[in-house]
Amino acid sequence: AHFWVGDVLRRQGDLDGALREYSAYRDVASRLVQRDAGSIEWRRELVLASSNLGVVAYSAGDLPAALRAWEQRLDAQQVLTRLDTADLELQFDLSNAHNQLAVALEESGRLDDALQHYGADVALKRGLVEKDSLSAQQRGFLAVSLNYLGGLSRALGMPDRALAHYREELAINA
């Protein structure tokens, strides 16, 4: 119930209340993971709690707290994905964890770290497209990630890399 209460409070603009509820939700999920470390279900809950804590912190303008929460989300998602390497949804969630963290790292000025995470996001999404080459949705997600990577490459003074990413995005969207 902490998740849902936090969700309603966040949507109402009560970020302090949402933070309390999502923190309680994370604490419950952490205890469940400690009790059953192999449970994919409990680990998903822990990932979701960390992600939502980051969203609340980001919404409140606390970028350092958002980064900490999203780094925890990424760590938890990596463990979760290793539990079931064949689960494409977990791989997609891992790519999105990299992307979410990269966006915040870029905003905080940690551009080299952001570039690394955008690269991991693109690599995972390429792998998903290879596994399901007919999926227009997966190709669309890859195109968006390539655009992020191209934008940061351009900003970092790597025009050749930026062009390569943009051209790959264009080929997907053609």
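Scroll up to find the structure this text is about.
The rules we used
Residues numbered from 1 in each chain as written. Predicted model: local features only at pLDDT ≥ 70, side-chain atom pairs only at ≥ 80, totals over all residues. Heavy atoms only, no water. Salt bridge = Lys/Arg side-chain N within 4 Å of Asp/Glu carboxyl O. Buried < 20%, exposed > 50% of the residue type's maximum accessible area, 1.4 Å probe, protein only. Helix = DSSP H or I, 4+ residues; strand = E, 2+ residues; numbered from the N terminus.

Participant: What exactly am I supposed to notice about the pattern of salt bridges here?
Facilitator: It is possible for side chains bearing opposite charge to pair when their charged atoms get close. Overall, the coordinates contain nine salt bridges when judged by the stated rule. Of the charged contacts, one joins Arg26 and Asp27 as a salt bridge, the two residues approaching to 3.3 Å between their closest N and O atoms. You can call Asp27 partly exposed: its relative accessible area is 35%. Note that Arg110 and Glu71 form a salt bridge whose closest N and O atoms lie 3.8 Å from each other. Note that Arg110 is positioned in the loop between helix H5 (88–107) and helix H6 (111–131) and Glu71 in helix H4 (residues 63–83), a separation of 39 residues in sequence. Its relative accessible area of 36% is what places Arg110 among the partly exposed residues. Connected via shared salt-bridge partners are Asp7, Arg10 and Arg11.

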